[in-house]
Amino acid sequence: LYYKSANPIILGFLLGFGAMAGDAIKSFFKRQFSIRSGHSWFPFDQLDCVIGAMLASALYIPLSGLQYLYVIIGGLISCFALLILFGLWVCLKIRK
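On a predicted model such as this, the values are computed, not experimentally measured, just so you know.

Engineer: What is the right way to look at the overall build of the protein chain in this model?
Structural biologist: On a plain count of helices and strands, the protein chain comes out with three helices and zero strands. Ordered by position in the sequence, the α and β elements of the protein chain form the string α-α-α. Rg of the C-alpha trace for the protein chain: 16 Å, well past the compact-globule value of 12 Å for 96 residues, more than 25% over. In terms of overall dimensions, the protein chain has a C-alpha envelope of 50 × 35 × 25 Å along the principal axes. Residues classed as buried in the protein chain amount to 23% of the 96 residues present. Long-range pairs, those at least 24 residues apart, make up 60% of the contacts in the protein chain between residues at least 6 apart in sequence.

See below:
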């Protein structure tokens, strides 16, 4: 992947638009399945922005199937790592 050929403004727009579109589509389906707002819908709550951004950016910078798989796995790992760190922070706050 040669990043110097990519315009960062176009790529940033596509990533942001794709992430918001992915979240909006997931929210639509949550309402269709009568899942209340604020309730978790695993794994879609963790992947909606990643998949949306990935699909939108594919219009500009196509990746291989293996690279897309790495993005999805990396998104899940980073999401769970942040959840664990947040849980530890909350536990430490409560103990003080």
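Moving on from the coordinates now.
Engineer: Help me understand the pattern of salt bridges in this model?
Structural biologist: Opposite charge on two side chains permits pairing when their charged atoms draw close. Under the criterion given, the structure shown has two salt bridges. Between Asp23 and Lys26 there is a salt bridge; the shortest N-O distance is 3.3 Å. Within this pair, Asp23 and its partner Lys26 are both found in helix H1 (residues 8–32), separated by three residues, close to a single helical turn. Judged by its relative accessible area of 31%, Asp23 is partly exposed. For Lys26, a relative accessible area of 12% puts it in the buried group. Shared partners join several salt bridges into a network, and the residues in it are Asp23, Lys26 and Asp48.

Cut-offs applied
Residues numbered from 1 in each chain as written. Predicted model: local features only at pLDDT ≥ 70, side-chain atom pairs only at ≥ 80, totals over all residues. Heavy atoms only, no water. Helix = DSSP H or I, 4+ residues; strand = E, 2+ residues; numbered from the N terminus. Rg over C-alpha atoms; globule rule 2.2 N^0.38 Å. Buried < 20%, exposed > 50% of the residue type's maximum accessible area, 1.4 Å probe, protein only. Contact = heavy atoms within 4.5 Å. Salt bridge = Lys/Arg side-chain N within 4 Å of Asp/Glu carboxyl O.

Function cannot be read off these values alone, since they describe shape.
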